[in-house]
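If you want the building blocks of each chain, they are given just below.
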Amino acid sequence: MFKQLSRAPGRIARPVWVGLAGAGGVLRELMRSPQSALGTLIVLFFLMLALFGPQIAPYRANDQSSAPRLEPGGEHLFGTDYLGRDVFSRVILGASSIFRTAGFGTLIAVVIGTFVGLFIGYQGGTVDEIAGRVIDALLAMPALLIALVILGIVRNLNFEPGSWQARLADNSVLLVIALVYVPIVARVVRSSTLEIKTREFIEAAQMRGESRLYIIFREIFPSVVPALVVEASLRFSYAIFLVASLGFLGVAARPPSPDWGLMVNENRGGLYDLTPWALEYPAAAIALLVVGVNLMSDGIRRAVQKSG
Amino acid sequence: MSMAEAQTVLQVENLSISYKVNGGWIRAVRGFQVEVRAGQIYGIVGESGSGKSTAASGVLRYLAANGRTELESRVTFLGEDLLAKSRREMQPVWGAQIGTVPQNPAAALNPSIRVGEQVAEILRRHRGLSRQDALDRTVEMFRRVRLADAEGIVARYPHELSGGMQQRVVIAMALIASPQLLILDEPTTNLDVTTEAIILDLVRELIRDEQAGALYVTHNLGVIAQLCERVIVMYAGEIMEDARVEDLFVHPLHPYTIGLLNSVPRLGQTKRDAGLISIPGTPPSLAELPQGCVYAPRCPLAIEICKTKPPLEAPMPGRLVRCHRWPEIARGEVSVIGREEKAVSPLAAGDLERERLLTVENLTKHFPIRRSLVQALRREQPAPVRAVDGVNLNIQQGRTLGLVGESGSGKTSLARLIVGLLDRTAGTIDLLGVEIEGSVRQRSREILSELQMVFQNPQNSLNPYLTVGQAIRRPLMKLAGMNRRQADREVQRLLEAVSLRAEYAQRYPGELSGGEKQRVAIARAFASNPALIVCDEAVSALDVSVQSAVLNLLAELQQGLDTSYLFISHDLAVVAYLADYIAVMYLGQLYEVGYGRDLFLPPLHPYTEALVASIPKMDPQDHTQPVRLSGEIPSPRHMPGGCRFHTRCPHKLGEICEVEEPPWRGAGGEHYIRCHREPDDLTGLQQWLLDEERE
Amino acid sequence: MSDIRNRKAGNDVARLSRRGFLKIGAAGLAAAALELAGYDLSPSQVAAALARRQEGALRVAWGGAPATLDPLFASADTEIAFLNAVYDYLIDTNNNSELVPRLATEWSVSEDGLTYTLQIAEGVTFHDGSALALDDILWTFERLRGEGPTADLYADITSIEAGEGNSIVFTLAQPNPDFLYNLTDNHAVILKQGAENIGNEFNGTGPFRLDEYVTDRAVFSANADYWGGAPGFGTLEFVYFDSVESAVNALEGGVVDVVLRMDNATYLNLSNSGSYSASAVPTSGHDVVRLRADQGPGADERVRQAFKLATDRQAIFDRIQFGFGAVGRDTPISPVFERYYTEETPLPARDPAAARQLLADAGYAEGLEMTLYTPNLPDRVALAQALAAQWEEAGIMITIEPQEEAVYYADNVWLEVDLAITPWGARPVPQIYLDLYLKSDAQWNEAHFSDEEVDQLIEVAGSSLDEEERVNAYHELQRILIERGPYIIPYFFAQFGVMANTVGGVEVHPFAGRTNFQQATVG
């Protein structure tokens, strides 16, 4: 109730993300709490798998030269599946696809959503009103449902192989992730923008006769970044989950891709009783990565909030 | 000293409070002590970061999750050790025995419960009263805090009440269970001066009647002088001085106290009289406290011994001071005022008139209200908010026009209309004889460069992600047409002009104190070498010691550059200090204009008179407060007819005030009053001002 | 076309049911993972089933429910099983695909192979008490020969008449050595003359009478007056589940006694557990992997040879069929057709290097990239992945394109693409496959394979009255298909039944819906 209760005294230094400009700075900030340190290590671990998977994995993803249904241990750390594929290698190799789709999908969503949010937020008025309603309408639909509908349609279109449509269709999951998250990112950026555009430094810029683009990108955008970073990391964790779910539902990845969701789906039912390891390891990988990203994004949120 | 026999309510000894920040413990309050007796109001005064609120919270054991009270601390309330109690045992203390009034009443009230219920609940819980009895007592209490229509107000929700009414409800809430101790933390800081005066009267009266002890936390020395019996001056978490109020104001012993008292402009003091005496530097960060005396880095009397920690000494009974050199100060052997601040050059009478820089005629801003469904069906257009309603004024070259008024008077809207941040509804603005466009978007670069602004809130006026250098460089390049190299050189010059070191160009606003930020904002405003700078509450958010330095800076810059100011503030003393002319605004219209000094001598517009009367005087002996404004400022949507001030005017003539717009009347020289009463008539009513002046 | 479901029967039971699908959609992956642990029975199913446990009932679980029960249109296992319980066929097949008497107790064929005389059992009554008359049989076949999916099957019949004694005489326009098998067709149950509301009212002569039929179960009581002898237990209950997983859970929970049809892995688990009597019956059902022979790479015989050389059928059989059923030899003539099946023509051993060479000869020295289309069913997708891995060693790079069945069949994708997988369900005689998809002018000649020699051999096999000649024709066909056919048939399916140890006397039929229960014993 007293005004100083909410914040302990102490001078605020430079804006966190300016201070954290180097990747090392971000890491140092995240290592402060055990939870976010753990989350970050998990994410880094998987990122390493994603980048160097082919060098690490002892077998190729669709190598069926080993005996099928071998229990974990020995040469096959995670056993082999019903086709004789090394589950350990497949889990490792699956990391890159999930990072690629979820990562780039989130990136595209963040870029487009930021543009949209900044412009409608700064413009205000009718534009904002209409865009706000559209965003609300989009947000009313569950992301998974939208994704399923769109992917369902795209899957059944047959394009000329190699044509641009086909290339687009090949990346449809990534694009769908981007699409369903654009309104969410836009909304976050918009609300930050609405708040920031009333600040006096914006008026100072207007009084200098600055262009709209200058004000949006030079004056407003930097202040949006902290909220954006938090949102992006949160989106990334949801995107991983969404990609895994879509993989499980068989619309995200084409067999024999070592997509984790697809692996879970492929080894369900009767196969689960025969080769539980073929399902459990990829499922554990999904769970671990989602938890890791969540812990990390909590840490990012805390780090950013610290800057006020 | 009849009070000496009064019972001790609260005894605090050696209270130390720490916060955990970034893994380390910061000692925000160190060795705080106080003894509050029944019926006594004990003030705690200090600037932001001095630990005054933290100390009060520590007494109450309301600390943030990252805060802790150190082991050696002792808080005894009515003979009981509060620090030994569990949270559960504290409940009756918090609920009934200690009342609290926070700065923000809205945060203390539950928005979804009727205010009467909230207050009555305390009685039902802690006094076991029935619902009806509790409500009856609540109505009675509401009457005592002078809430008009107390029966009606118990059934209202907090959002239906104005800030002043909310604060009265909170005071009623704090007092309802007849607590033995009241803790008030800046309860009037967010209120207008007219409302503040009423609340202070109320607090004084209630404490006297209830014979409770009170701790009153504030940054405002005037409030202390008017209200308190004793006062503690805090700085950087430590007690600097503890004295009876009369002693403190007359014979301050600590250099910091002396600095504080000197840096507040007294009503009627102007820049032509003398410069304000300010305290150099800024308070230290609690994380990096200086060795020895915490005030030494800013103290003009600091000598070698001040590198060791001064003890809290008692020069005489009932008085404490923490300074190595207090005996010399007491004997008058040293003076804190090292150098006389330069006054702005005095003016010969004929010099006052200069060419008009800016002329505003019939400037009007009405904010349309969105139609409700019913209104849309009835094809009615709701009355707009008449924020600014036909204002005429002019500003001369190199002069300052001060604009005063309560919040809601439209002064900020007027400023924003002039600089073009708002589109006007009607009226014209002439700059150097040329009519200019209404909106910044339409204004040419030349006009933009002539009109700049210094904003109220230093936190918000600088982009936290741009360095000081970038912030100042941009207008230089954009408006003054400089290239990068010229601009960088000019940045250095401007920083120097606002007394900041060149290295500040590389810093981010987050690394600056409030005063430093405001200096940067001033440098930025001056970058395009404008003819007029609008300062909207430019020093209101600053601590007094810093405020005086910024006021001095503004005065110096004006003299050097011949820039005009439109200086807006709710603080009449500050406006009077800086302004050559003053305009008084109420509900979108001007009611009085005149030279600075004119505004404190009769005849005055009754509204101006009330403003002057409401300011808490810096003199503990002076309790003359004959004029109080009743009621709240009306909503600008439902504007009173005739003279807009008639609903609150203590000198209302009669029906004519309600029906007819008052005329402008000359009160001698360039002094005009807009009132139905004759100036002579007003002079007669305002004799008390002359009496005061004579003292 | 309504037969299409039947034709593509097989072990596609493990696909997600609609309800399960939505559940996953709603609750996400975590919920789906929990679902793996067990599908729930509806409370009414549990209550009803437990109540009947005491009464000597036989409870059979199915991983699906009937959609239509009109014999003319019924095709799924659940539908045929229902009809097989309340009605009788003239002739049955056993689990070796041999003809077995049912209403027709014996039969004879004329020398010219054009006239078939079937002796009908005496004393047969419908459930309403009326006696079976020959007119009922004539009326039923008139119905089957009219509009409908069986019109083609019986098109060669010129007349059906009552014969001497209690017999029926079929006269054909041309000889058909498999004609009696046609009479065993799933649709050919005998109805009462003039029956109305067919598909909703079931007045049959069969061993069971319908007592109750609701969406999730059908309850039958033993027909005490059954002409072939009353069943040895009181009640037959079919319980319809969303999926095979649920059905198996019900079996494990003791709520049902029999589960028919399941995927290989589930059967392997159950049979390994030792708690059940499990039977796997080899069938003629198979997956066809085919290249288009008229266009694309498959038009070149060397490419077809390369694909065959690149494929390791035994490895596929081990991994996907878990050793159940039989390894295929690229022809639809399965080992269950003992008389016609031959291993005379050796299947060349797997040789990726040779395959690569053949492809190079055919102009694909840099390797061959193709898309393999498959219905989106677990076993088929598994097969596609196994093939892709094997073919890759021969330089054939495969993109797998699983498609929802609705799209795959309804949009004729399967008939048009260059490389595809198609499952074909179990049939009692090999000729059906040849007529359906191997002949040049076959309606579903998906490979667009047109080979005069093959067409002639099919003609001989399908019409010759000389069994020796037929056997030779089938053997010759197998040789040609191995040498130049555009098909890889890696395996034949098995049909599975798993029963509580208390159940006896149930012989699992290659077509699960034709499994007879009247001989069953309930412990």
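Residues numbered from 1 in each chain as written. Chains lettered and ligands numbered in written order. Predicted model: local features only at pLDDT ≥ 70, side-chain atom pairs only at ≥ 80, totals over all residues.

K.L.:
Looking at this structure, I do not really get the overall build of chain A. What am I missing?
P.N.:
Within chain A one finds 13 helices and zero strands. Among the 308 residues that make up chain A, the fraction classed as buried is 55%. In chain A, the proportion of contacts linking residues at least 24 apart, taken out of those at least 6 apart, comes to 71%. (Helix = DSSP H or I, 4+ residues; strand = E, 2+ residues; numbered from the N terminus. Buried ≥ 20, exposed ≤ 12 C-beta atoms within 10 Å, placed from the backbone. Contact = placed C-beta atoms within 7 Å.)

K.L.:
Just checking my understanding: could you explain the overall build of chain C for this structure?
P.N.:
In terms of helices and strands, chain C carries 17 helices and 20 strands. Looking at chain C residue by residue over its 523 residues, the buried ones come to 52%. Long-range pairs, those at least 24 residues apart, make up 70% of the contacts in chain C with a sequence separation of at least 6.

K.L.:
What is the right way to read the sheet that holds strand β6 (residues 157-162) of chain C from this model?
P.N.:
Strand pairs in the sheet, formed through backbone hydrogen bonds, run parallel or antiparallel to each other. Residue and element names in this part refer to chain C. Pairing is antiparallel across the open sheet formed by four strands, whose spatial order is β4-β5-β7-β6. Of all the strands in the sheet, the pair left with one neighbour each is β4 (104-109) and β6. On average, each strand axis in the sheet is inclined to that of its neighbour by 15°, with strand direction left out of account. Against the sheet, helix α5 (residues 134-145) makes contact with β5 (115-120), β6 and β7 (167-172), and its axis sits at roughly 160° relative to β6, the strand it touches most. (Pairing = 2+ DSSP bridges. Axes fitted to C-alpha atoms, helices over the stretch in contact; angles between N-to-C directions.)

K.L.:
Please clarify how the interface of chain C and chain A should be interpreted in this entry.
P.N.:
One frequently used descriptor of interface size is the decrease in accessible area upon assembly of the parts. Contact residues are listed per partner, giving 27 residues for chain C and 27 residues for chain A. Breaking the side of chain C that touches chain A down by element, the ones donating at least two residues are α2 (18-35), α8 (264-273), α10 (313-320), α12 (378-392) and β15 (396-403) of chain C. In terms of residue count, α12 of chain C provides more of the side of chain C that touches chain A than any other element does, seven residues in total.

K.L.:
Where do I start with the nonpolar core in this structure?
P.N.:
Within soluble globular proteins, side chains that are nonpolar generally end up buried alongside one another. Ile177 and Val243 of chain A, Leu566 of chain B together with Ala61 of chain C are the most contacted members of the largest nonpolar core, which has 450 residues in total. Ranked by the residues each element gives to this core, the list is headed by helix α10 (residues 212-248) of chain A, at 19 residues. With near-sequence residues (within four places) excluded, leucine 566 of chain B lies in contact with Ile395, Leu401, Leu403, Ala415, Ile418, Leu532 and Val534 of chain B. (Core = buried A, V, L, I, M, F, W, Y, C linked by C-beta atoms within 7 Å.)

K.L.:
What's the story with the environment of proline 332 of chain C in this structure? I'm lost.
P.N.:
Residues and elements named next belong to chain C. The residue proline 332 is located in the loop between β13 (326-327) and α11 (352-361) in this model. In sequence terms proline 332 and leucine 481 are 149 residues apart; their C-alpha atoms lie 9.5 Å from each other. Those residues in contact with proline 332 that lie beyond four places of it in its chain are His286, Pro430, Tyr433 and Ile489.

K.L.:
Looking at this structure, how should I read the confidence of the model for chain A?
P.N.:
Parts of the model with low pLDDT should not have their predicted coordinates read in detail. Residue and element names in this part refer to chain A. For chain A, mean pLDDT is 85; residues scoring 70 or higher make up 89% of the total. Mean pLDDT across the secondary structure elements of chain A bottoms out at helix α1 (residues 16-19), with 54, and peaks at helix α4 (residues 87-123), with 93. Note on residues 1-12: pLDDT is under 50 here. Beyond four places in sequence and across chains, it has 40 contacts. (pLDDT = per-residue confidence, 0-100.)

K.L.:
Is there a simple way to think about helix α6 (residues 143-155) of chain A in this case?
P.N.:
Because an α-helix completes one turn every 3.6 residues, residues spaced three or four positions apart along the sequence face the same direction. Residues and elements named next belong to chain A. Given a rise of 1.5 Å per residue, 13 residues ought to cover 18 Å, and the 18 Å separating the end C-alpha atoms of α6 matches this to within 8%. For α6, the full list of buried residues reads Ala143, Ala147 and Leu151. Across the axial projection of α6, the buried residues extend over an arc of 45°, all falling on one side. Of the residues in α6, the exposed ones pointing more than 90 degrees away from the buried face are Leu145, Val149, Gly152 and Ile153. Each element contacted by the buried residues of α6 is listed here: α8 (172-196) and α10. (Expected span 1.5 Å × (residues − 1). Arc of directions from axis to C-beta.)

K.L.:
Can you help me understand the pairing of strand β8 (residues 181-185) of chain B in this one?
P.N.:
Regular strands show a simple pattern: their side chains alternate between the two faces of the sheet. All names here are of chain B. A large share of β8 lies buried, amounting to five of its five residues. Where burial is concerned, the two faces of β8 agree: the one with Leu181, Ile183 and Asp185 and the one with Leu182 and Leu184 are both buried. Here strand β7 (residues 98-101) pairs with β8 via four bridges, running parallel. Bridge pairing in β8 places glycine 99 opposite leucine 182. Both β8 and strand β9 (residues 213-218) contribute to a ladder of five bridges, which runs parallel. What sits directly across from isoleucine 183, in β9, is leucine 215. The β-α-β motif built from β8, the intervening helix α8 (residues 193-210) and the parallel element β9 has right-handed crossover chirality. (Right-handed = clockwise from strand over helix to strand, strands pointing away.)

K.L.:
Explain the environment of tyrosine 87 of chain C to me, please; I cannot follow it from the model alone.
P.N.:
Residue and element names in this part refer to chain C. Among the structural elements, tyrosine 87 can be located in the loop between α4 (77-86) and β2 (91-93). Along the chain, tyrosine 87 and threonine 205 lie 118 residues apart, while their C-alpha atoms are 5.2 Å from each other. When neighbours within four sequence positions are excluded, tyrosine 87 is seen to be in contact with Val189, Ile190, Gly204, Thr205 and Gly206.

K.L.:
What am I meant to see in the confidence of the model for chain C here?
P.N.:
All names here are of chain C. Averaged over all residues, the pLDDT of chain C equals 88, while 89% of them reach at least 70. In this model, residues 1-39 is a region of pLDDT below 50 whose contacts with residues beyond four sequence positions or in other chains number 71 contacts. Two summary scores accompany this predicted model of the complex, namely pTM at 0.76 and ipTM at 0.82.

K.L.:
Is there a simple way to explain the sheet that holds strand β18 (residues 451-454) of chain B in this structure?
P.N.:
Residues and elements named next belong to chain B. Ordered by their spatial adjacency, eight strands build an open sheet running β18-β19-β20-β15-β21-β22-β24-β23, and the pairing between neighbours is mixed. Both outer strands of the open sheet, β18 and β23 (664-666), are each paired with one neighbouring strand and no more. Across the sheet, the mean angle separating the axes of adjacent strands is 20° when strand polarity is ignored. Direction of pairing for strand β22 (residues 589-595) relative to strand β24 (residues 672-674): antiparallel, over a ladder of two bridges. Note on β24: the bridge partner recorded for valine 593 is tyrosine 672. Against the sheet, helix α19 (residues 514-527) makes contact with β18 and β19 (532-536), and its axis sits at roughly 180° relative to β18, the strand it touches most.

K.L.:
Looking at this model, I keep getting lost on the packing of helix α11 (residues 255-263) of chain B against helix α20 (residues 544-561) of chain B. Mind explaining?
P.N.:
Axis angle and axis distance: for two packed helices, these are the angle between their axes and the distance between the axes, and together they describe the pair. Residue and element names in this part refer to chain B. It is at 8 Å that the axes of α11 and α20 come closest, and there the two elements cross at 50°. Judged by the angle between their axes, α11 and α20 are oblique. Where α11 crosses over α20, the handedness of that crossing is left-handed. Here Gly259, Leu260 and Ser263 of α11 lie close against α20, whose contacting residues are Val544, Ser545 and Ser548. (Parallel < 35°, antiparallel > 145°, perpendicular 65-115°, else oblique. Left-handed = near helix turned anticlockwise from the far one by under 90°.)

K.L.:
Any chance you could explain helix α7 (residues 244-252) of chain C here in plain terms?
P.N.:
All names here are of chain C. Counted residue by residue, α7 has eight buried out of nine residues, so it is predominantly covered. Three or more residues of α7 are buried, namely Val244, Glu245, Ser246, Ala247, Val248, Asn249, Ala250 and Leu251. Once α7 finishes, glycine 254 follows within two positions and takes phi at roughly 75°, a positive value.

K.L.:
What exactly am I supposed to notice about unusual backbone geometry here?
P.N.:
As a rule of thumb, non-glycine residues mostly have phi less than zero, and peptide bonds are mostly trans rather than cis. In this chain, proline 255 of chain A is followed by proline 256 of chain A through a cis amide linkage whose omega measures 5°. Phi is positive for glutamate 537 of chain B, close to 50°, though the residue is something other than glycine.

K.L.:
When you look at the packing of helix α9 (residues 200-207) of chain A against α10 of chain A in this model, what are you seeing that I'm missing?
P.N.:
All names here are of chain A. Look at α9 against α10: their axes get within 10 Å of each other, and the N-to-C directions meet at 150°. Once α9 is placed against α10, the crossing between them reads as right-handed. Only Ile215, Glu219 and Ile220 of α10 make contact with α9, whose side of the interface consists of Phe201, Ile202 and Ala205. Of the residues belonging to the contact of α9 with α10, the class tally is five nonpolar, no polar and one charged. (Nonpolar A, V, L, I, M, F, W, Y, C, P; charged D, E, K, R; others polar.)

K.L.:
Hey, could you run me through the environment of arginine 597 of chain B in this one?
P.N.:
With respect to the secondary-structure elements, arginine 597 of chain B resides in the loop between β22 and α22 (606-614). Classification of arginine 597 of chain B as partly exposed rests on a count of 15 C-beta atoms within 10 Å.

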